[in-house]
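# Structural characterization, general
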Amino acid sequence: MNISFARPALLWALASLLLPLLIHLVRRRKSQPTPFAAMRWLGAGAAPRRRIRLVDPLLLLLRMLLLAALVGWLALPWFDPPPAASTHWALVVPGVDPVAARAKVPSDAIARWLAPGFPPLDQSPAAPQATASLLREFDAQRHPDERISVIAPPQVDGLDGARPVLRRTLELIEVAAAAKVATTAAAASRPLRIALRYSAEREPAARYLRAAVAAWNALEPDSAILDAAAIDTPLGGSFDWLWWLGAALPEAQQRWLAEGGIVLSDTPVTDADSPIVWRDDAGRSIARAVGDGRGRRIGLDRALDPQALPLLLDGRFPQQLRGALQGQPAAPTTAAATFLIPDTLDSGSAVRRPATYALSLLVAILFALERLLASARRRPELA
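Residues numbered from 1 in each chain as written. Predicted model: local features only at pLDDT ≥ 70, side-chain atom pairs only at ≥ 80, totals over all residues. Heavy atoms only, no water.

### Regarding the packing of helix α1 (residues 18-26) against helix α2 (residues 57-74)
At a minimum axis distance of 8 Å, the contact between α1 and α2 shows a crossing angle of 155°. As judged from the angle between their axes, α1 and α2 are roughly antiparallel. Here α1 runs over α2; the crossing is right-handed. Residues Pro20, Leu21 and His24 of α1 lie in contact with α2, whose contacting residues are Leu59, Leu60, Arg63, Met64 and Leu67. (Axes fitted to C-alpha atoms, helices over the stretch in contact; angles between N-to-C directions. Helix = DSSP H or I, 4+ residues; strand = E, 2+ residues; numbered from the N terminus. Parallel < 35°, antiparallel > 145°, perpendicular 65-115°, else oblique. Left-handed = near helix turned anticlockwise from the far one by under 90°. Contact = heavy atoms within 4.5 Å.)

Written as structure tokens, this is what we have:
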């Protein structure tokens, strides 16, 4: 087990160990000559040689150890594991074609499913999986010198809204996804139908809503149908959501809202007590919701313009928009496989353990012993 320091520059403070040594030399007891009568019969002899003698060497040792422990504690020591032989792991994300995945496993790698318990490939993993969480768990369990390759389909499920922060870089190997068998529920599902109406001056804002629907369909093909037109275009057929960018809602749309519809409007909700359904990273309100009959109107507090709402240029905007409309700020769970590759690496390590706890206890014990011994040495002098 090796020891490293997070602040090695503070080790220069070990020079302070000379301080108690100098104090003990300066404050050593001075001998007081006591003349007596018989000394006059003694002849002059050689003067005695003076020797430097340390007073209370045990107390001096305790004080030097206390200073050394304090310096070590301030330098933040860590116990590092001994270097191990580098192992190559291949983590296969469930959902890939098993035959194609086995063919892509590197020859020097140990293959495991990215599933609870990380079973070998000859076992069937349970589904669904928390892919991002499992990847962080496996990364934390392995030595930093070990390599990890991830074999994944182009689209990965089980994400939690943020790129994983790991202690190492990953090698991504993309393979084809396994063929999905259509189920009755999937066949019965229908796409989300959205009607977008906007005035002429709101046409630039409507582009961002069109782009959001396009992003949904890129992740889930044909998951949403958008009917976008000018504000005076009649609404045809039935729809799930109405996005209204312009003047106040006409009477017909107000009735539809009261009967249980969901309307997104760029007119802010005036009731300050209305719940905030969408916030930015700083916690400020983006949209509030207010009930209207059995329906719900969501009013944007800011214009759909990048200067007023920089989130429009962020890749999270489509998913956050959908979460606000659905009444839940859900994080994206599906993304491209490249989303698994971390942007930043974790500077910490699960296999490194801080040594500050043991040093804190040692400092407390040494301080108590030093005070006890110093008090015991002082009592005879006071007497």
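### Structural notes on helix α8 (residues 317-326)
With 7 of 10 residues buried, α8 is to be regarded as a mostly interior element. Taken together, the buried positions of α8 are Phe317, Pro318, Leu321, Arg322, Gly323, Ala324 and Leu325. As for α8, its buried residues are in contact with β8 (192-198), α6 (203-219), β10 (241-245), β11 (262-265), β12 (276-279) and β14 (295-300). (Buried < 20%, exposed > 50% of the residue type's maximum accessible area, 1.4 Å probe, protein only.)

### As for the nonpolar core
Of all hydrophobic cores here, the largest spans 30 residues; its most connected members are Leu209, Trp216, Trp243, Trp278 and Leu321. For this core, the elements supplying multiple residues, two or more each, are β8, α6, β10, β11, β13 (285-292), β14 and α8. Considering each element in turn, this core owes the most residues, 6 residues, to α6. Counting 19 residues, the second-largest nonpolar core is a separate cluster that includes Trp89, Leu114, Leu159 and Ala337. (Core = buried A, V, L, I, M, F, W, Y, C linked by side-chain atoms within 4.5 Å.)

### Side note on the packing of aromatic side chains
Per the counting criterion, the structure on display carries 6 aromatic pairs. An angle of 80° between the planes, with centres 5.5 Å apart, marks the rings of Trp89 and Phe138 as edge-to-face. Placement of the pair is Trp89 in strand β3 (residues 88-92) and Phe138 in helix α4 (residues 131-141), with a sequence separation of 49 residues. Across the pair, Phe138 and Trp89 agree in class, each one buried. Between Trp216 and Trp243, the ring centres sit 6.1 Å apart and the planes meet at 75°, which makes this aromatic pair edge-to-face. A residue pair is termed long-range when its members are at least 10 positions apart, and Trp216 in helix α6 and Trp243 in strand β10 qualify at 27 residues. Residue classification places Trp216 among the buried positions, given a relative accessible area of 3%. Each member of the aromatic cluster is reached from another via a ring pair, and the members are Trp89, Phe118 and Phe138. Cation over ring: Arg142 sits above Phe138, and NZ or CZ is 5.9 Å from the ring centre. Taking NZ or CZ as reference, Arg322 lies 4.9 Å from the ring centre of Trp216, over its face. (Phe/Tyr/Trp six-rings, centres within 6.5 Å; stacked < 30°, edge-to-face > 60°. Lys NZ or Arg CZ within 6 Å of the ring centre and 35° of its normal.)

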